[in-house]
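# Structural characterization, general
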Amino acid sequence: MNARIALLTLTDRGLVTAHRIIESLPDTVEWNLFIHEKALAQSENQGSVFRRLREIVPKLWEEYSVLIFVMASGIVVRQIASLIEGKDRDPAVLVLDEAGKFIIPLLSGHLGGANNWAYHLASQIGAQAVITTATDVRGLVAPDEYARRYGWKVEPLEHLPAVNRLLLEQGSLKIWTSYLLNPEEAWLKDEHYQFLSNKDKEKANLIISPFLDLTIKDDLLYLIPPILSIGVGCRRGISTEAVLEGIISAVGQIGASLKAVSGIYSVDLKQDEVGLIEAAKYLRVPFRTFPAVKLQAVIEKEQLSRSNFVNEKIGVDGVCEAASLLGTQKGRLILPKFKGRGVTVAISVENSLSWASDLETLTI
């Protein structure tokens, strides 16, 4: 996913630095500039004018993946303190002095990509990146940094400090996965990561899988690729709560993490169904629909379950199973139609991690 960047500045001199940053950004990045009303002397480029930071920062916090403040770090800390939720939800926050001499990744250094942004911007504008995370200082790549690079999630987050501490203390971590990895992937060449065979799985500190062991130990972390496609059929006017209840129950049936969900999929007659749209927003995944004829073709090809009732209503023999398969690049059905409160849910899984690894040049 391409980054959305908000740049904020309070002074004319800071505005000059903000323009230098903008000129260094990749063309694929979407950005917007927010200028304090007293810093308009050099605002030749487009930008939005604001009077008080507290009036705009909460909204930008929700809408942007990266916030770059050109101002004193103390000001920024006071503005964002009440907004912080967690490592997996907060945007990357960076602070620069108005002269652009130093750039500090203040929040979400790894999962949010703030450290990576700091390195990139520093090299582009001639600033000094001030990195304070212990793994980076010691030249180690933390597991949550690898997760960010591949677009994967981390669970449970509360185990992350212990696992990173092991990396610092032992100099290496042990990984197990049942999936084939691309031989060019960086951590296969990283001497600080050792991949284990199936018989040594219990020695792992990191497991790459969407499926969780409920007896997870304190020094074990799951790296979760988004490889579960959720197909949903529902009655008209279904509530968001009912949709989420059905999805959560279905994902629980297969012992997987909600963080492994890649998207929610249904028939195009449901493209404006608020309950489905809001459920996808809550899970922070895309919502996509398919024409009935495309669903029917999958049903017949894969010999999926059929419903006369659904056919009478919308002209197709079923929705959730076919939609879940269409939501994958190349997957298989692992949970057939699961009935909830006004919804039916099916889950398909990608056959390869290559379909669920989003190597970003700049998620940056």
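The following refers to the structure shown.

Reading guide: rules and limits
Residues take numbers from 1 onward in each chain, read along the sequence in its written order. In keeping with the model being predicted, local features are shown solely for residues with a pLDDT of at least 70 and side-chain atom pairs are shown and tallied solely at 80 or more, while totals for entire chains, interfaces and linings include all residues. Side-chain metrics in this entry use all non-hydrogen atoms of the structure; hydrogen atoms and water are not considered. Going along the chain from the N terminus, every DSSP run of H or I of four or more residues is numbered as a helix, and every run of E of two or more is numbered as a strand. Restricting the calculation to C-alpha atoms gives the radius of gyration, and the globule rule supplies 2.2 Å times the number of residues raised to the power 0.38. Each residue is placed in one exposure class: buried if its accessible area under a 1.4 Å probe, protein chains only, is under 20% of its type's maximum, exposed if it is over 50%, and partly exposed if it falls in between. Residue contacts are counted whenever heavy atoms from the two residues lie within 4.5 Å of one another. Residue-level accessible areas treat just the shown protein chains as cover; the underlying method is Shrake-Rupley with a 1.4 Å probe. Charged residues are defined narrowly, with Lys and Arg counted positive, Asp and Glu counted negative, and His plus the chain ends left uncounted. Charge positions come from single atoms, namely NZ of Lys, CZ of Arg, CG of Asp or CD of Glu. Helix span is expected to be 1.5 Å times the residue number reduced by one. A pair is scored as a salt bridge if a Lys or Arg side-chain nitrogen falls within 4 Å of a carboxyl oxygen belonging to Asp or Glu. For this analysis, a polar contact is any N or O atom pair within 3.5 Å, provided that within protein one partner can donate a hydrogen and the other can accept it, and provided that sequence-adjacent residues contribute only side-chain to side-chain pairs. At least two DSSP bridges between two strands are required for those strands to pair. A fitted line through C-alpha atoms serves as each axis, taken over the contacting stretch for helices, and the angle formed by two N-to-C directions is quoted from 0 to 180°.

In terms of helices and strands, the protein chain carries twelve helices and 17 strands. Whereas a compact globule of 364 residues would reach a radius of gyration of roughly 21 Å, the protein chain reaches 23 Å, a difference of no more than 12%. Overall, the C-alpha framework of the protein chain stretches about 70 × 50 × 35 Å when taken along its three principal axes. Across the 364 residues in the protein chain, those meeting the buried criterion constitute 51%. Within the protein chain, contacts between residues at least 6 apart in sequence are counted, and of these 61% link residues at least 24 apart. Approximately 17700 Å² of the protein chain is accessible, and the part contributed by carbon and sulfur atoms is 50%. Each charge class in the protein chain can be summarised by its mean position, and for the 39 positive and 43 negative side chains these summaries are 2 Å apart.

In this model helix H8 (residues 240-253) runs 20 Å from its N-terminal to its C-terminal C-alpha over 14 residues, within 8% of the 20 Å that 1.5 Å per residue would give. Every buried residue belonging to H8 is among Thr 240, Ala 242, Val 243, Leu 244, Gly 246, Ile 247, Ala 250 and Val 251, and all of these are buried. The inward-facing, buried residues of H8 contact strand S13 (228-234), strand S14 (261-267), helix H9 (274-283), strand S16 (331-339) and strand S17 (343-350). Trailing H8 by a residue or two, Gly 255 shows a phi angle of about 70°, which is positive.

Let us now look at the side chain of Asp 144. Mapped onto the secondary structure, Asp 144 falls in helix H6 (residues 143-150). No salt bridge is formed by the buried Asp 144. Its closest oppositely charged neighbour is Lys 87, at 5.4 Å. A distance of 3.1 Å separates a polar atom in the side chain of Asp 144 from a polar atom in the side chain of His 110. Leaving out residues up to four positions away in the same chain, Asp 144 has contacts with His 110, Leu 111, Val 154, Leu 160 and Asn 164.

Reading across the sheet, the five strands line up as S8-S12-S11-S9-S10 and stay open at both edges, with mixed pairing between neighbours. The open sheet has two edge strands with one neighbour each: strand S8 (153-155) and strand S10 (193-195). The average angle at which neighbouring strand axes cross in this sheet is 30°, direction not considered. Pairing geometry for strand S9 (residues 173-177) and strand S11 (residues 206-208), over three bridges, is parallel. Along S11, the bridge assignment pairs Thr 177 with Ile 208. Packed on one face of the sheet, H6 meets S8, S9, S10, S11 and strand S12 (221-224) and runs near 10° to S12.

The next point concerns the sheet that holds S16. Strands pair in a sheet through their backbones, by hydrogen bonds, and they do so in one of two ways: parallel or antiparallel. Ordered by their spatial adjacency, five strands build an open sheet running S15-S14-S13-S17-S16, and the pairing between neighbours is mixed. The outermost strands of the open sheet, each flanked by one partner alone, are strand S15 (287-290) and S16. If you compare each strand with its neighbour and ignore which way they point, the axes differ by 25° on average. As paired strands, S16 and S17 are joined by six bridges and run antiparallel to one another. The partner of Lys 339 across the bridge, within S17, is Thr 344. Set on the sheet, H9 makes contact with S13, S14 and S15; between it and S14 the angle comes to about 175°.

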